[in-house]
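Descriptive analysis of the structure
One-letter residues, chain by chain:
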2 protein chains.
Amino acid sequence: MERELLLLGLLRRGDNYGYHLHDFINKYMASCTNLKKATAYYLLDKMVERGWIEQKDDDSDSNYPPRRIYSLTEAGEAAFQKLLRENLSQLQPVYFTGDIGLAFLDVLDAAEARALLQQRYQAVTERLNHLEANAPKHEGAPQWVLEHHMRFLQFELSWLTDLLTRLEGV
Amino acid sequence: MERELLLLGLLRRGDNYGYHLHDFINKYMASCTNLKKATAYYLLDKMVERGWIEQKDDDSDSNYPPRRIYSLTEAGEAAFQKLLRENLSQLQPVYFTGDIGLAFLDVLDAAEARALLQQRYQAVTERLNHLEANAPKHEGAPQWVLEHHMRFLQFELSWLTDLLTRLEGV
DNA sequence: GCCCATATGGTCAGTTTTGACTAGTCAATT
DNA sequence: AATTGACTAGTCAAAACTGACCATATGGGC
């Protein structure tokens, strides 16, 4: 239900279109979840059925394609409050798909393994630099989310450094 | 394709049943990916179609329910080699669904926010203790995977500690 | 010898997710 | 005034995933 929590939380700040909700998540919360546009609409539909949010056609200025505006109901607010507390109080699972490769490191000779991991190190560095450079632009992004993400990338760099030195000794 | 890489890598160590492959992943690689049994069979089927692996009925000792044994083909070995290098050289995305709650921390009063995050801290600690306690039992687990996971949990603890002290100042 | 819990091995209908698409708007070039 | 590229808004058929289920086996306690 994390993605529902996210959509509810954003709608709580004001009525919005599916398009904008997805766009915001994609721009500023990409480190939290991977939510495609079609999935966003799917989830919104489901929440309408559950009565957590309402949908009305927006035929105000029709320069734009016809669109629906979503808004939170009271049931939705209650669901948000519940989901928020659950999310904060528990440890949410995190999956390191990059560790799958590490499980098979012994397949490669040490030199190539190091070379590949150095490429990964480079990729992490670039990611971090990019985040730092664009940090001011990301005022829309919730502060803690961005900071946690950047610290995590730093953690990954130190882990990789450590791993690389240990692989040298082999 | 990370899950395919994982299945291929395990099959590379020896022919195996779908059941065992899933079981191993669930026990020792749960931090890398979330792979349900039915999904494992689905992926195995697809890889058979692609010619990466072969399936033969195992009617050897029929005490057990009928079962199929999977084995790597040459095409599968080639795919494994390619996927392994891709996985190691790139930065694989990691999603922090726990950060969604952080984005809405301002909804709660500071005291409750701290209390909830302290519960999360407790949950992380328990997770870490559990891993440490069972570490010897996890000889099957690839060394780096386990170590990365434990270090990550320690990182999370320090992040939470820092966050909590900063929330006190509010 | 019987019952129950757990383990083995796998299937399938239903749910969830997504790539690719439609279709119009706006602003800047050409 | 036609072309291009980027943005707005949403849809749909196909692909991927999963909860719940079936069937047998094995071991232990009573």
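Bear in mind that the values here come from a model prediction, so they are computed numbers and not experimental data. (Residues numbered from 1 in each chain as written. Chains lettered and ligands numbered in written order. Predicted model: local features only at pLDDT ≥ 70, side-chain atom pairs only at ≥ 80, totals over all residues. Heavy atoms only, no water.)

**Examining the relation of the copies chain B and chain A**
- Screw-axis analysis of chain B against chain A gives a translation of 0.0 Å along the axis, an RMSD of 0.0 Å, and a rotation angle of 180°. Put plainly, the chains are arranged around a two-fold axis.
- Mapped onto chain A, 100% of the interface residues of chain B again fall at the interface, so both copies present the same surface. (Least-squares fit on C-alpha atoms with pLDDT ≥ 70 in both. Contact = heavy atoms within 4.5 Å.)

**With respect to helix 6 (residues 110–134) of chain B**
- Here helix 6 of chain B spans 36 Å end to end across 25 residues, near enough to the 36 Å set by a 1.5 Å rise per residue.
- All of the buried residues in helix 6 of chain B are A113, L116, L117, R120, V124, L128, L131 and N134 of chain B.
- Where helix 6 of chain B is buried, its residues contact helix 4 (74–89) of chain A together with helix 5 (98–103) and helix 7 (143–168) of chain B. (Helix = DSSP H or I, 4+ residues; strand = E, 2+ residues; numbered from the N terminus. Expected span 1.5 Å × (residues − 1). Buried < 20%, exposed > 50% of the residue type's maximum accessible area, 1.4 Å probe, protein only.)

**Points about the domain arrangement of chain A**
All names here are of chain A.
- Each assigned domain of chain A is listed with its residue range as follows: domain 1 (2–89) and domain 2 (98–168).
- Domain 1 and domain 2 are separated by 32 Å when their C-alpha centres are compared.
- Between domain 1 and domain 2, the residue contacts involve six residues of the former and seven residues of the latter.
- Interface of domain 1 and domain 2: buried area, both sides summed, is about 490 Å²; carbon and sulfur atoms make up 72% of it.
- By the criterion of area lost to domain 2, the three top residues of domain 1 are Y28, M29 and S31, representing 72% of everything that side buries.
- Summed over the shared surface of domain 1 and domain 2, the number is zero salt bridges.
- Put simply, domain 1 and domain 2 have zero residue pairs in polar contact (both at pLDDT 80 or more) between them.
- A breakdown of the residues in the side of domain 1 that touches domain 2 according to their chemical character gives four nonpolar, one polar and one charged. (Domains from an automatic or database assignment. Buried area = accessible area lost by both parts, 1.4 Å probe. Salt bridge = Lys/Arg side-chain N within 4 Å of Asp/Glu carboxyl O. Polar contact = N/O pair within 3.5 Å; in protein donor to acceptor, adjacent residues only side chain to side chain. Nonpolar A, V, L, I, M, F, W, Y, C, P; charged D, E, K, R; others polar.)

**Here we look at the interface of chain B and chain A**
- Between chain B and chain A, the residue contacts involve 60 residues of the former and 60 residues of the latter.
- Note on chain B versus chain A: buried area summed over both sides is about 6000 Å², and carbon and sulfur give 69% of it.
- Ranking the residues of chain B by area buried against chain A places L88, W144 and H148 of chain B at the top, with a combined share of 13%.
- In this structure, D162 of chain A engages R151 of chain B in a salt bridge whose closest nitrogen and oxygen atoms are separated by 2.3 Å.
- Applying the counting rule to chain B against chain A returns 28 residue pairs in polar contact (both at pLDDT 80 or more).
- Those elements that provide at least two residues to the side of chain B that touches chain A are helix 1 (2–12), helix 4 (74–89), helix 5, helix 6 and helix 7 of chain B.
- A breakdown of the residues in the side of chain B that touches chain A according to their chemical character gives 33 nonpolar, 14 polar and 13 charged.

**Quick look at the packing of aromatic side chains**
- Following the criterion strictly, the structure yields 14 aromatic pairs over all chains and no others.
- Seen from their ring centres, F80 of chain A and F104 of chain B are 5.6 Å apart, and the 80° between their planes marks the pair as edge-to-face. Residue F80 of chain A is located in helix 4, and its partner F104 of chain B is located in the loop between helix 5 and helix 6; the two belong to separate chains. Of the two residues, F80 of chain A and F104 of chain B, neither departs from the other in class, the shared state being buried. (Phe/Tyr/Trp six-rings, centres within 6.5 Å; stacked < 30°, edge-to-face > 60°.)

**With respect to the packing of helix 6 (residues 110–134) of chain A against helix 4 of chain B**
- Orientation of helix 6 of chain A relative to helix 4 of chain B, taken along the N-to-C sense of each, is 50°, at an axis distance of 7 Å. Our classification of the angle between helix 6 of chain A and helix 4 of chain B gives oblique. Contacts from E112, L116, L117, Q119 and R120 of chain A of helix 6 of chain A reach helix 4 of chain B at R85, N87, L88 and S89 of chain B.
- Here the residues of the contact of helix 6 of chain A with helix 4 of chain B are counted per class, giving three nonpolar, three polar and three charged. (Axes fitted to C-alpha atoms, helices over the stretch in contact; angles between N-to-C directions. Parallel < 35°, antiparallel > 145°, perpendicular 65-115°, else oblique.)

**Comments concerning the sheet that holds strand 2 (residues 53–58) of chain A**
Residue and element names in this part refer to chain A.
- Within the open sheet, the three strands sit side by side as 1-3-2. Their pairing is antiparallel. Two strands lie at the open edges of the sheet, namely strand 1 (16–17) and strand 2, each paired on one side alone.
- Pairing geometry for strand 2 and strand 3 (residues 67–72), over six bridges, is antiparallel. Within the sheet, the bridge partner assigned to D57 lies in strand 3 and is R68.
- Strands in contact with helix 1 (residues 2–12) are strand 1, strand 2 and strand 3; relative to strand 3, the strand with the most contacts, it is inclined by about 90°. (Pairing = 2+ DSSP bridges.)

**Comments concerning the sheet that holds strand 1 (residues 16–17) of chain B**
All names here are of chain B.
- The strand order across the open sheet formed by three strands is 1-3-2, and the pairing between neighbours is antiparallel. Of all strands in the sheet, those with a lone pairing partner are strand 1 and strand 2 (53–58), marking the two edges.
- Against the sheet, helix 1 contacts strand 1, strand 2 and strand 3 (67–72), and its axis sits at roughly 90° relative to strand 3.
- Strands in contact with helix 3 (residues 37–50) are strand 2 and strand 3; relative to strand 3, the strand with the most contacts, it is inclined by about 55°.

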